[in-house]
Amino acid sequence: MRTPRLFILAAALALAGPRLAAADTAPGSGWSLTLGVWGGASRYDVLGLKHGVETLDRNTLDGNLDTYGASALLRLGWLDVGALYEGSFRQATDSFVLTPLVGFKWDVTDLVRVDVLGELGGHRITNIGTDAQSVWLPYVGVRPTLSLRLPLGPTRLVLSGAPFARWDLVKKDVAVPSSTGGTTTRSTYEAGGTTFGVVGGVGIEL
């Protein structure tokens, strides 16, 4: 008779279901994609801009920047790969960062996740001085991220916080013109240094 066989098959599937679900959500298995936006603050010394250029405000001279950005992070098991864009709300000296991301993730619990990410990219700073020069600086960086993953239908709402640090791989000379008594001179300053910051973000995990 087919009835006992169907009953046995149904019972076997019922017993195996929780195990299969646990295997799918176990740390290091499966994949996911997180799309996020964030904002925060950073402090940098990439310009050494203590040169009295009138177009720069006090916060920029001191190296303080309000930052915003967006990122996409694909997780393949424990491996993280993605990309990040970062801009600045300051208009006196525009800057932006573009970098790939690579690292690993650790699921502390089903709701709490830690990603340890490395950056290897570059940041461009424009509108330096009265002649609006630009400089492009490659850098390496690290971005540990703590995330809270809240169920939201078939997806997850992700709330995150991340400190970060970056170190420029090269330094470049920037010549800035200035006028004194009708005479124009050019002073040379070294661009390149270290950036520190912290941001908070929100995203969706698919």
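Above: the structure in question.
All residue numbers refer to position in the chain's written sequence, counted from 1. With the structure being a predicted model, the display of local features is reserved for residues of pLDDT at least 70 and the display and counting of side-chain atom pairs for 80 or more, all residues being used for whole-chain, interface and lining totals. Here the side-chain values reflect all heavy atoms present in the structure, with hydrogen atoms and water set aside.

1. With respect to the overall build of the protein
Then step 1. We count a stretch as a helix when DSSP gives it H or I for four or more residues in a row; a strand needs E for two or more, and each element gets its number in order from the N terminus. The secondary structure content of the protein amounts to two helices and 10 strands.
Then step 2. Written out in order from the N terminus, the α and β elements of the protein read α-β-α-β-β-β-β-β-β-β-β-β.
Then step 3. Relative accessibility thresholds used throughout: buried, under 20% of the residue-type maximum; exposed, over 50%; partly exposed, between the two (1.4 Å probe, protein chains only). Expressed as a percentage of the 206 residues in the protein, the buried residues total 35%.
Then step 4. A total accessible area of about 11,500 Å² is found for the protein, and carbon and sulfur atoms account for 67% of it. Method for areas: the Shrake-Rupley scheme with a 1.4 Å probe, in which residue coverage is limited to the protein chains shown.

2. Digging into empty space enclosed by the protein
A water-sized probe rolled over the atoms picks out the places where empty space is left.
Then step 1. Definitions used throughout: a 1 Å grid over protein atoms alone; a cavity as a set of points that fits a 1.4 Å probe which cannot get out; a pocket as an open set with protein on both sides within 12 Å along at least five of seven lines; a lining residue as one with an atom within 4 Å of a point. Grid points are joined across faces, edges and corners, and a volume is the space filled by probe spheres set on the points. Under the definition given, this model contains three cavities of 30 Å³ or more.
Then step 2. Considering the residues around the largest cavity, the lining is formed by 23 residues, among which Thr34, Trp38, Ser71, Thr145 and Ser160 are closest to the centre.
Then step 3. Among the elements of the structure, strand E1 (31-44), strand E2 (64-76), strand E5 (112-128), strand E6 (133-152), strand E7 (155-168) and strand E10 (194-205) are those that each provide at least two residues to the lining of the largest cavity.
Then step 4. A total of five residues in the lining of the largest cavity trace back to one element, the largest contributor, which is E1.
Then step 5. When residues are grouped by polarity, Ala, Val, Leu, Ile, Met, Phe, Trp, Tyr, Cys and Pro land in nonpolar, Asp, Glu, Lys and Arg in charged, and all others, Gly among them, in polar. For the lining of the largest cavity, a count of residues per class yields 11 nonpolar, nine polar and three charged.

3. Details of the pattern of salt bridges
Then step 1. Whenever Lys or Arg places a side-chain nitrogen within 4 Å of a carboxyl oxygen from Asp or Glu, that contact is recorded as a salt bridge. Throughout the structure, instances matching the rule amount to 11 salt bridges.
Then step 2. In this structure, Asp107 engages Lys105 in a salt bridge whose closest nitrogen and oxygen atoms are separated by 2.6 Å. Across the pair, exposure class does not vary: Asp107 and Lys105 are buried alike.
Then step 3. Here Arg166 makes a salt bridge to Glu119, at a shortest N to O gap of 2.9 Å.

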